Amino acid sequence: MKEIELKLQGKIKRLTNRTFKFDERVKEGWFSAVYFLKTREIVRAYKPDNIVTMQFFQKEHAVLCGTDEVIALIKTFADDPDSLEIYSLKDGDKISPFETVLTITGPYQNFGFLEGVIDGILARRTSVSTNVYNVVKAAGQKPVIFMGDRDDHFTQQAGDGYAAHIGGSTAQATHAMNEWWGKKGMGTMPHALIQLFNGDVVEASKAYHEKFPEDDLLVLVDYNNDVITDALKVARVFGDKLKGVRIDTSRTMIDQHFIRNQDVLGTFDPRGVNGPLVFALREALDKEGFQHVKIVVSGGFNQQRIMEFEEQKVPVDIYGIGGSLLKISIGFTGDNVMLNGEPQAKAGRKYRFNERLEKVD
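Here we summarise the structure given alongside this text. (Residues numbered from 1 in each chain as written. Predicted model: local features only at pLDDT ≥ 70, side-chain atom pairs only at ≥ 80, totals over all residues. Heavy atoms only, no water.)

**What about the overall build of the chain?**
Thought 1: Looking only at helices and strands, the chain has 13 helices and 14 strands in total.
Thought 2: Based on the C-alpha atoms only, the size of the chain along its principal axes is roughly 80 × 45 × 35 Å.
Thought 3: Across the 361 residues of the chain, 49% fall into the buried class.
Thought 4: A separation threshold of at least 6 residues defines the contact pool for the chain, and within that pool the share at least 24 residues apart is 71%.
Thought 5: Surface summary for the chain: the accessible area is close to 18,000 Å², and the carbon and sulfur share equals 51%.
Thought 6: Positive and negative side-chain charges of the chain, numbering 46 and 50 respectively, have mean locations separated by a distance of 2 Å. (Helix = DSSP H or I, 4+ residues; strand = E, 2+ residues; numbered from the N terminus. Buried < 20%, exposed > 50% of the residue type's maximum accessible area, 1.4 Å probe, protein only. Contact = heavy atoms within 4.5 Å. Areas by Shrake-Rupley, 256 points an atom, 1.4 Å probe, with all protein chains shown as cover. Lys, Arg positive; Asp, Glu negative; His and termini not counted. Charge placed at Lys NZ, Arg CZ, Asp CG, Glu CD.)

Right, dumping it as structure tokens:
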């Protein structure tokens, strides 16, 4: 049983290294800034009995993610982790600028070298979860599919997929993205499948449906840059079996619908996936009785673009989003703010008590 299931059942409070599978070189300081390693050696020699409190914060309104990962990191790699007192918020908590999200109290030499690694985990996970939260909010009740595999290093997929889940994404492209939260990847066809059938979207769809009959049939219809024609071709063949069509038109292309109907041009940008194209597709499907076919859009979508579509009431059912969700826009800072129980910090920093923090067992 995956740890996430145990957590949801209340049998464990936090995910552990059983889920995260850290690189053992963290213990050696391989991923720590060298000045932290040098400081550890100096403290061991000259100030071994000092007790410090380190607190972590960021400067935005955000959806926190990475706390389980950070706590597992400390428990796995800190020297004598039982000597440390840790207080933390939880993954999924809404946080404010400068709010303390984590404190660690103990001998500096036991954990201080992990400061930058902790900052990095919190920054990446919280950025992704916040990005996803914002696009999910913009999309209203419509599902958002996380399609960030081609925009990310493959080793980051599990953590980014978990962060996307915390932010509210309901489906993700790869099995790795779903690993930590216990699901499987979803998706139907890429352009490559249609290319291998000589551009024949109907034949490609038939092969897909025969090979994966239990899957919901969702067909990519922009391969020939004529989404309405190809969507209707597929709908006429599959009828009720067709669950949806996806438009992924390049931002450098103008769909053939506008070439045939140039009288509608002049008041909007006709390139890529745009509102008038989706409206025209919905109208064409409905006119032939295919009201059940959902429309999925992808290709360069972000929060702003979704907001524009929703304001215009464009008849999109599902949004597929990739690269915009992976931008690291939130940075965390770790500061030593207490020394042996007394305030001691660099100018401009001080201990900020947060009653929401929970003690970590």
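**Quick word on the sheet that holds strand β5 (residues 102–107)**
Thought 1: Across the sheet, which stays open at both edges, the 6 strands sit in the order β13-β12-β1-β5-β3-β14 with antiparallel pairing between neighbours. Pairing within the sheet leaves two strands with one partner each, and these edge strands are β13 (342–343) and β14 (358–359).
Thought 2: Looking at chain direction, strand β12 (residues 333–339) and β13 are connected through 2 bridges and run antiparallel. Residue pairing for β13: Leu339 is matched across the bridge by Glu342.
Thought 3: Running at roughly 175 degrees to strand β3 (residues 85–88), helix α4 (residues 67–77) makes contact with β3 and β5 of the sheet. (Pairing = 2+ DSSP bridges. Axes fitted to C-alpha atoms, helices over the stretch in contact; angles between N-to-C directions.)

**Brief notes about the sheet that holds strand β9 (residues 242–247)**
Thought 1: Pairing within the open sheet is parallel, and its 6 strands lie in the order β7-β6-β11-β10-β9-β8. In the strand order of this sheet, the two ends are held by β7 (171–172) and β8 (217–220), each with one partner.
Thought 2: Where strand β6 (residues 144–146) meets strand β11 (residues 318–321), 3 bridges bridge the pair, whose relative direction is parallel. Residue pairing across strands places Phe146 opposite Ile321, the latter belonging to β11.
Thought 3: Sitting on the sheet, helix α10 (residues 227–238) touches β8 and β9, and the angle it makes with β9 is about 165 degrees.

**Examining the packing of aromatic side chains**
Thought 1: Considering all chains together, one arrives at 11 aromatic pairs under this definition.
Thought 2: Three or more aromatic residues joined by ring pairs make a cluster, and in this case those are Phe20, Phe22, Phe77, Tyr162 and Trp180.
Thought 3: The ring centre of Phe113 lies 4.4 Å from the NZ or CZ of Arg40, which sits over that ring. (Phe/Tyr/Trp six-rings, centres within 6.5 Å; stacked < 30°, edge-to-face > 60°. Lys NZ or Arg CZ within 6 Å of the ring centre and 35° of its normal.)

**Overview of the packing of helix α6 (residues 115–138) against helix α13 (residues 303–311)**
Thought 1: The interhelical angle for the contact between α6 and α13, taken along N-to-C directions, is 10 degrees, at an axis separation of 8 Å. Comparing their axes, α13 and α6 come out roughly parallel. Only Gln303, Ile306, Met307 and Glu310 of α13 make contact with α6, whose side of the interface consists of Asn134, Val135 and Ala138.
Thought 2: Here the contact of α6 with α13 is built from residues that sort into 4 nonpolar, 2 polar and 1 charged. (Parallel < 35°, antiparallel > 145°, perpendicular 65-115°, else oblique. Nonpolar A, V, L, I, M, F, W, Y, C, P; charged D, E, K, R; others polar.)

**Some remarks on the environment of Gln58**
Thought 1: Of note, Gln58 is situated in the loop between β1 (51–57) and β2 (62–63).
Thought 2: Spatially, the C-alpha atoms of Gln58 and Asp119 are 9.5 Å apart, while their sequence positions differ by 61 residues.
Thought 3: Those residues in contact with Gln58, other than ones at most four positions away along the chain, are Ile95, Ser96, Pro97, Phe98, Glu99, Ile330, Gly331 and Phe332.

Taken by themselves, the reported measurements are silent on function.
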